[in-house]
Amino acid sequence: MAAVLAPPLGISSPARRIAWVPVILVALALAYLTLFLFVPLFAVFFEALRKGWAAYGRAITDPDAWSAMRLTLLAALIAVPANLVFGVAAAWAIAKFDFHGKSVLTTLIDLPFSVSPVVSGLIYVLIFGLQGWFGPWLADHDLKVIFAVPGIVLATMFVTFPFVARELIPLMQAQGREEEEAAVLLGANAWQLLWRVTLPNVKWGLLYGVILCNARAMGEFGAVSVVSGHVRGLTNTLPLHIEILYNEYQFAAAFACASLLALLALVTLAAKAWVERKLP
Amino acid sequence: MSIQVQNVSKRFGTFEALNDVCVDIAAGELVALLGPSGSGKTTLLRVIAGLEAPDAGRVLVDGEDTTHKRVQDRNVGFVFQHYALFRHMTIFENVAFGLRVRPRALRPSKEAIADKVHSLLKLVQLDWLAQRYPHQLSGGQRQRIALARALAIEPKVLLLDEPFGALDAKVRRELRRWLRRLHDEIQLTSVFVTHDQEEALEVSDRVVVVNRGKIEQAGEPGYVYDNPASPFVYEFLGNVNLFEGRISRGMAQVSGRKLAAPEHLEVEDALATAYVRPHDIDVAVQSSAHAVAATVDHAVTLGSVVRLELSRRDTGDVVEVEIPRDRYEGLKIAHGNVVWLTPRRARFFLKETPTAIAS
């Protein structure tokens, strides 16, 4: 490492003198990474396995844990494709067309990033909750949104809303409109344009956005926590399940489930690194 | 097929890109739209293609009003300055694109498409690159592929937007000769945009000079070069020197010489600016009463002519003169010598309201 950070050419340093500045900088960076990244990651797996593999197995095969995993996957399975379609549509409109209200739309797409997740959850409680705008109507028709699966899916979708669009807009803007213009002049209709020209040009950026979107969808805590109601086996996602276990002093089980999310993070990271190499 | 642009206007916000423009292009012609950047020439080309909708006026192709036709249905070949090849497709797929996206009923068979693509790649002499990707090609190769792709749909007209603008000087010269030959071969009505006057004069059958959203002049290259309709065209097409003169009834006095100004027969007496090409100036080593004295700053031999750069002794203005090489050698002049210049031929544009019309 020190060799990599050797002073640039032109600054002479005597052969055997230790270059302190790079050494200190590298040491600081490593200490920082260790303290805030490696130790917590290690702690998660260490605590998860503290009571042995059997206890670990029991914790992650517990029916409540299973149902939390299923719900987490379901939320991601709906939120990610929905945001994929929306993200492509929004990015296409913003990057390739001029229309009134374009800057308003761009700002709106960023809204979920700037609003606290808890507030996003509360918005849905205010709209669909029993005391909310549509609460009485929903109650009359025996529909449950808040403290039920639809609420969790909605909250997840809201929080992960910007990921795909945010990834695609700058990429599409950088690529310009000329290829699309060329395709239209050659006779392509809108559908052919999208499938044969626009999407193939952004496929790696799109995959990158989807990976980030998925990671956030599965890991979301704040917004989902507000709308979930924490009904075990019914409306608990994996992050919520972990919190409950922890609050009940079942540390090994809590960390066992947390290790699943940590593994997901590692897989996401690897996938992200692989896609990044493909991006221009 | 012919193209008629009738009274087309186009604004972008407060910027007037085209102002009541009319252009007639005959079938089979190769026309250059020539103008400085921001003159509206590219906008005009994009209006013809349908990529921009005019605010007013209409465009006829082969007599048919295409102003409101969808871009997809216009059957226009278009070549972009930066090629706009589909980056994720091979060269073969790029050229085949226009045929593959046709509705099923009109789409040629796989074999027919392959035949067509290969014959087009042969036409642009790049058959051996079929399986490469655009980023593996040089600029000149990419532009030829872009041309093959545009020709694949058998367009009614071919439009080229600064087709050589992104290429280096040598490739650009080769490619424009090649384009000229190709045009003579396929006889497709073609319009190309350029800001390079040499390119416009060398390649086109007819030049349309555009400035500030208006047509300044249209005509055969040689004619426009020799008979510019406005000071703008004069300065834009080739180098020019400005002299002061006085006009009276079709005759002008410039630097002690009487020159014909037949376009100003009705003018009684007016100050005018004489526009003189570098090769229309005589150089003498003997002083004469009214000739312009100038100091030789620089002499460059360009093949059979010598280009002299001089500065006028009275105003300090730079004058550019081209004389035949043997004439230059006969003069025996060198850097720092003083010579006397007289315009031989000039075109006059009035500087003030002529008295004859004013009174």
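Here, every reference points to the structure presented above.
Just so it is clear, the structure is predicted and the values come from calculations on it, not from any experiment.

Rules and cut-offs
- Residues numbered from 1 in each chain as written.
- Chains lettered and ligands numbered in written order.
- Predicted model: local features only at pLDDT ≥ 70, side-chain atom pairs only at ≥ 80, totals over all residues.
- Heavy atoms only, no water.
- Helix = DSSP H or I, 4+ residues; strand = E, 2+ residues; numbered from the N terminus.
- Buried < 20%, exposed > 50% of the residue type's maximum accessible area, 1.4 Å probe, protein only.
- Contact = heavy atoms within 4.5 Å.
- Areas by Shrake-Rupley, 256 points an atom, 1.4 Å probe, with all protein chains shown as cover.
- Lys, Arg positive; Asp, Glu negative; His and termini not counted.
- Charge placed at Lys NZ, Arg CZ, Asp CG, Glu CD.
- Rg over C-alpha atoms; globule rule 2.2 N^0.38 Å.
- Salt bridge = Lys/Arg side-chain N within 4 Å of Asp/Glu carboxyl O.
- Pairing = 2+ DSSP bridges.
- Axes fitted to C-alpha atoms, helices over the stretch in contact; angles between N-to-C directions.
- 1 Å grid on protein atoms, 1.4 Å probe; cavity = no way out; pocket = protein on both sides within 12 Å on 5 of 7 lines; lining within 4 Å.
- Points joined across faces, edges and corners; volume = space filled by probe spheres on them.
- Nonpolar A, V, L, I, M, F, W, Y, C, P; charged D, E, K, R; others polar.
- Phe/Tyr/Trp six-rings, centres within 6.5 Å; stacked < 30°, edge-to-face > 60°.
- Lys NZ or Arg CZ within 6 Å of the ring centre and 35° of its normal.
- Core = buried A, V, L, I, M, F, W, Y, C linked by side-chain atoms within 4.5 Å.
- Patch = residues over 30% accessible without salt bridge, like charges linked within 9 Å, V, L, I, M, F, W, Y side chains within 5 Å.
- Expected span 1.5 Å × (residues − 1).
- Parallel < 35°, antiparallel > 145°, perpendicular 65-115°, else oblique.
- Left-handed = near helix turned anticlockwise from the far one by under 90°.

J.: Requested: an account of the overall build of chain B, with residues and values cited.
T.: Along the backbone of chain B there are ten helices and 20 strands. If you line up chain B on its principal axes, its C-alpha atoms span 80 × 50 × 35 Å. Going through the 359 residues of chain B one by one, you find that 51% of them count as buried. Sequence separation of at least 24 residues holds for 66% of the intrachain contacts in chain B that already meet a minimum separation of 6. When the accessible surface of chain B is split by element, carbon and sulfur atoms take 49% of a total near 16500 Å². Looking at chain B, you have 46 positive and 46 negative side-chain charges, and the mean spots of the two groups are 5 Å apart.

J.: Explain the overall build of chain A residue by residue, including any values.
T.: Within chain A one finds 13 helices and zero strands. Counting from the amino terminus, helix and strand elements in chain A follow one another as α-α-α-α-α-α-α-α-α-α-α-α-α. Computed over the C-alpha atoms, the radius of gyration of chain A is 24 Å, more than 25% above the 19 Å expected from 2.2 N^0.38 for a compact globule of 280 residues. Once the C-alpha set of chain A is aligned to its principal axes, its extents read approximately 85 × 65 × 30 Å. Counting over 280 residues, chain A shows a buried share of 40%. A separation of at least 24 residues holds for 72% of the contacts in chain A among residues at least 6 apart in sequence.

J.: Tell me about the pattern of salt bridges, residues and numbers included.
T.: The full count for this structure, using the stated rule, is 36 salt bridges over all chains. One salt bridge in this structure joins D98 of chain A and R177 of chain A, with 3.2 Å as the shortest N-O distance. Of this pair, D98 of chain A sits in the loop between α3 (63-96) and α4 (102-114) while R177 of chain A sits in the loop between α8 (162-175) and α9 (178-185); the two residues are 79 residues apart in sequence, bridging distant segments of the chain. Among the residues examined, D98 of chain A registers a relative accessible area of 60% and is labelled exposed. With a shortest N-O distance of 3.9 Å, D127 of chain B and K122 of chain B are connected by a salt bridge. By relative accessible area, which is 55% here, K122 of chain B ends up exposed. Here the residues in one salt-bridge network are R172, R176, R177, D196, E198, E199 and E202 of chain B, joined through shared partners.

J.: Before we move on, can you summarise the sheet that holds strand β12 (residues 251-254) of chain B with the specific residues and values?
T.: Residue and element names in this part refer to chain B. Strand order in the open sheet formed by five strands is β13-β12-β11-β14-β20, with antiparallel pairing between adjacent strands. Lying at the two open borders of the sheet, with one neighbouring strand each, are β13 (257-260) and β20 (347-350). Strand-to-strand, the axes of this sheet are offset by a mean angle of 40°, without reference to chain direction. With three bridges connecting them, strand β11 (residues 241-248) and β12 associate as antiparallel partners. The residue bridging S248 from the neighbouring strand is M251, located in β12.

J.: Tell me about the layout of surface pockets, and name the residues and values.
T.: Estimates place the volume of the largest pocket at around 590 Å³. Lining the largest pocket are 17 residues, and of these K96, F97, R177 and E181 of chain A together with L51 of chain B sit closest to its centre. When contributions to the lining of the largest pocket are tallied by element, the ones reaching two or more residues are α3, α9 and α10 (190-219) of chain A. Top element by residues in the lining of the largest pocket is α9 of chain A. It accounts for four residues. In terms of residue class, the lining of the largest pocket is made up of eight nonpolar, one polar and eight charged.

J.: Describe the side chain of N236 of chain A, listing the residues and the values that go with them.
T.: As for its placement among the helices and strands, N236 of chain A is situated in the loop between α11 (222-228) and α12 (238-247). Residue contacts for N236 of chain A: discarding those within four places in its chain leaves S67, A68, L71, S228, H230, V231, H241 and I244 of chain A.

J.: Please give an account of empty space enclosed by the protein that cites residues and values.
T.: All names here are of chain B. For the structure shown, the criterion picks out five cavities of 30 Å³ or more. Lining of the largest cavity is provided by V79, Q143, R144, L147, L160, P163, F164, L175, W178 and L179. For the lining of the largest cavity, the secondary structure elements donating two or more residues are α4 (139-152) and α5 (169-186). When the residues that make up the lining of the largest cavity are grouped by side-chain class, the tally is eight nonpolar, one polar and one charged. Its boundaries defined by the atoms lining it, the second largest cavity holds a volume of some 50 Å³.

J.: Please set out the packing of aromatic side chains residue by residue, giving values where relevant.
T.: A complete count under the given rule lists 17 aromatic pairs over all chains for this structure. On the numbers, 6.2 Å between centres and 10° between planes, the contact of Y124 of chain A with F128 of chain A is stacked. Placement of the pair is Y124 of chain A and F128 of chain A together in helix α5 (residues 117-128), with a separation of four residues, close to one helical turn. Note on Y124 of chain A: relative accessible area 13%, which makes it buried. F128 of chain A sits in the partly exposed class, given a relative accessible area of 24%. Ring centres of F78 of chain B and F80 of chain B lie 4.8 Å apart, and the angle between their planes is 55°; on these two criteria the pair is classed as tilted. In this structure, F78 of chain B and F80 of chain B share a single accessibility class: buried. An aromatic cluster of three or more residues is present, and its members are Y124, F128, F134 and F158 of chain A. The aromatic ring of W178 of chain B is capped on one face by R144 of chain B, whose charged end is 6.0 Å from the ring centroid.

J.: Talk me through the nonpolar core; I want residue IDs and the actual numbers.
T.: By size, the foremost hydrophobic cluster in this structure holds 65 residues, and its most contacted members are F97 and L159 of chain B. Among the elements that line this core, the one with the most residues is α10 of chain A, at ten residues. Contacts of F97 of chain B, omitting those with residues within four sequence positions, involve A183, L186, A188, R196 and V197 of chain A together with F86 and M89 of chain B. Counting residues in hydrophobic clusters, the runner-up holds 45 residues, among them V124, A130, A152 and L160 of chain B.

J.: Tell me about the side chain of T160 of chain A, and please be specific about residues and values.
T.: Topologically, T160 of chain A is positioned in helix α7 (residues 149-160). Each residue touching T160 of chain A, except ones within four places of it in the same chain, is listed here: A79, N83, C213, R216 and A217 of chain A.

J.: Lay out a nonpolar patch on the surface in plain terms, naming residues and giving numbers.
T.: All names here are of chain A. Side chains of I18, W20, V21, V23, I24, L25 and L28 sit close together on the surface and give an oily, nonpolar patch of about 720 Å² of accessible area. Tracing the sequence through the fold places W20 in helix α1 (residues 20-48). Judged by its relative accessible area of 55%, W20 falls in the exposed class.

J.: How would you explain helix α13 (residues 251-278) of chain A if you had to name every residue and give the values?
T.: The end-to-end C-alpha distance of α13 of chain A is 40 Å, a good match for the 40 Å that 28 residues give at a rise of 1.5 Å each. Residues of α13 of chain A that are buried make contact with α1, α2 (52-61), α3, α10 and α12 of chain A.

J.: Describe the packing of helix α2 (residues 91-100) of chain B against α4 of chain B, naming the residues involved and giving the relevant values.
T.: All names here are of chain B. Contact geometry of α2 with α4 gives a least axis separation of 7 Å together with a crossing angle of 25°. As summarised for this structure, α2 and α4 are arranged roughly parallel, according to the angle between their axes. The way α2 lies across α4 gives a crossing that is right-handed. Contact residues: I91, N94, V95 and L99 in α2; I145, A148, R149 and A152 in α4. Among the residues making up the contact of α2 with α4, the classes are represented as six nonpolar, one polar and one charged.

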